Amino acid sequence: DLRLRWSNLALQYPLLDRRADIVTRSHQIFRFLRHEIQLQHARQLLFPSHAYCHVGRNGTPFLAETAATIECVMHRPEQLERHCMLFPQFFWFAAALCQSDAPVVYISGLRLFRAVLPTYTCNDAARHSLQAGLAASESWSRPFRGVQELVMRGLSTAQTEEHSISTLRLLLSVSLMNSNDN
């Protein structure tokens, strides 16, 4: 299938050439092709992001484009079952983005939360990730105070405030649904 082949190539180019224009165009091609996301695509999107998280501002275009690509994929209802299988990876990627001090990356994380959270009820792995994300944990190598604290960070600046408020609203409604289910 030509669309699958081009989708794979579009996600490989940013790994070979990290220039912002190549990263942006490659992700735009992937989004334009609107091919169904497969596990290999999720790997191609998420694994390199870990390295980009540690390079400071140079990783900003890659992280923002990756988040936009995942968000685009999440808005395709015909792939709901596949989204549910990938929920934990996308959920924690959004949490990682929200730890950024770069506003564009932080906002990308909030937008991704808003795309991912409505699919959480699909399976047990999604529920477990959501419950772990909502709870604080001191046992991790870096203490984690929960997703709410990450989202509330955005209330302190005008650039991120509106995004934080809408994400907090969604988190509240999902938390209420989760507590009603238990």
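Keep in mind that this is a model prediction, so the values were computed, not measured.

A.B. asks: I tried to follow helix 2 (residues 20–33) on my own but got confused; where do I start?
C.D. replies: Note: α-helices contain 3.6 residues per turn, so residues at a spacing of three or four share the same orientation. A rise of 1.5 Å per residue sets the reference length of helix 2, with its 14 residues, at 20 Å; its end C-alpha atoms lie 20 Å apart and thus fit the reference within 8%. Every buried residue of helix 2 is accounted for by V23, S26, H27, F30, R31 and L33. Down the axis of helix 2, the buried side of the element spans an arc of 170°, and every buried residue falls inside it. Turned more than 90 degrees from where helix 2 packs its buried face, R25 and F32 sit exposed.

A.B. asks: How do you make sense of the nonpolar core when you look at a structure like this?
C.D. replies: Note that soluble globular proteins tend to have their nonpolar side chains buried in a common cluster. By size, the foremost hydrophobic cluster in this structure holds 35 residues, and its most contacted members are I70, F90, F93, L112 and F113. Among the secondary structure elements, those contributing two or more residues to this core are helix 1 (2–16), helix 3 (39–52), helix 4 (60–74), helix 5 (80–97), helix 6 (103–116), helix 8 (147–152) and helix 9 (158–181). Per-element tally for this core: the top contributor is helix 5, with eight residues.

A.B. asks: Help me understand the environment of L33 in this model?
C.D. replies: By the element assignment, L33 lies in helix 2. Looking at L33, the relative accessible area reads 17%, which means it is buried. In the structure, L33 is positioned 26 residues away from S7 in sequence and 6.9 Å away in space, judged by C-alpha atoms. Contacts of L33, omitting those with residues within four sequence positions, involve R3, W6 and S7.

A.B. asks: Sorry if this is basic, but what is going on with the pattern of salt bridges here?
C.D. replies: Pairing of side chains with opposite charge becomes possible as their charged atoms draw close. Taken as a whole, this structure holds three salt bridges when the rule is applied. Note that R153 and D101 form a salt bridge whose closest N and O atoms lie 3.1 Å from each other. Of this pair, R153 sits in the loop between helix 8 and helix 9 while D101 is found in the loop between helix 5 and helix 6, placing the two residues 52 residues apart along the sequence. Its relative accessible area of 33% is what places R153 among the partly exposed residues.

A.B. asks: Got a minute to help me understand the packing of helix 1 against helix 2 in this structure?
C.D. replies: A packed helix pair is summarised by two numbers, namely the angle formed by the two axes and the spacing between the axes. Packing of helix 1 against helix 2 brings their axes to within 8 Å, and their N-to-C directions diverge by 160°. Compared by their axis directions, helix 1 and helix 2 come out roughly antiparallel. For helix 1 against helix 2, the interelement crossing comes out left-handed. Contact residues: R3, W6, S7, A10, L11, Y13 and P14 in helix 1; I22, V23, S26, H27, I29, F30 and L33 in helix 2.

A.B. asks: Any chance you could explain the packing of helix 4 against helix 6 here in plain terms?
C.D. replies: With their axes 9 Å apart at the nearest point, helix 4 and helix 6 run at an angle of 15° to one another. With respect to helix 6, the element helix 4 is oriented roughly parallel. Between helix 4 and helix 6 the crossing geometry is left-handed. Side by side, helix 4 and helix 6 meet where T60, L63, A64, A67, I70, E71 and M74 of the first sit next to V104, V105, S108, R111, L112, A115 and V116 of the second. Its residues assigned to classes, the contact of helix 4 with helix 6 shows ten nonpolar, two polar and two charged.

A.B. asks: Could you clarify how one ought to interpret the side chain of S26 in this entry?
C.D. replies: Along the chain, the position of S26 falls in helix 2. Ignoring any residue separated from it by four or fewer positions in sequence, one finds S26 in contact with A10, Y13 and P14.

The rules we used
Residues numbered from 1 in each chain as written. Predicted model: local features only at pLDDT ≥ 70, side-chain atom pairs only at ≥ 80, totals over all residues. Heavy atoms only, no water. Helix = DSSP H or I, 4+ residues; strand = E, 2+ residues; numbered from the N terminus. Expected span 1.5 Å × (residues − 1). Buried < 20%, exposed > 50% of the residue type's maximum accessible area, 1.4 Å probe, protein only. Arc of directions from axis to C-beta. Core = buried A, V, L, I, M, F, W, Y, C linked by side-chain atoms within 4.5 Å. Contact = heavy atoms within 4.5 Å. Salt bridge = Lys/Arg side-chain N within 4 Å of Asp/Glu carboxyl O. Axes fitted to C-alpha atoms, helices over the stretch in contact; angles between N-to-C directions. Parallel < 35°, antiparallel > 145°, perpendicular 65-115°, else oblique. Left-handed = near helix turned anticlockwise from the far one by under 90°. Nonpolar A, V, L, I, M, F, W, Y, C, P; charged D, E, K, R; others polar.

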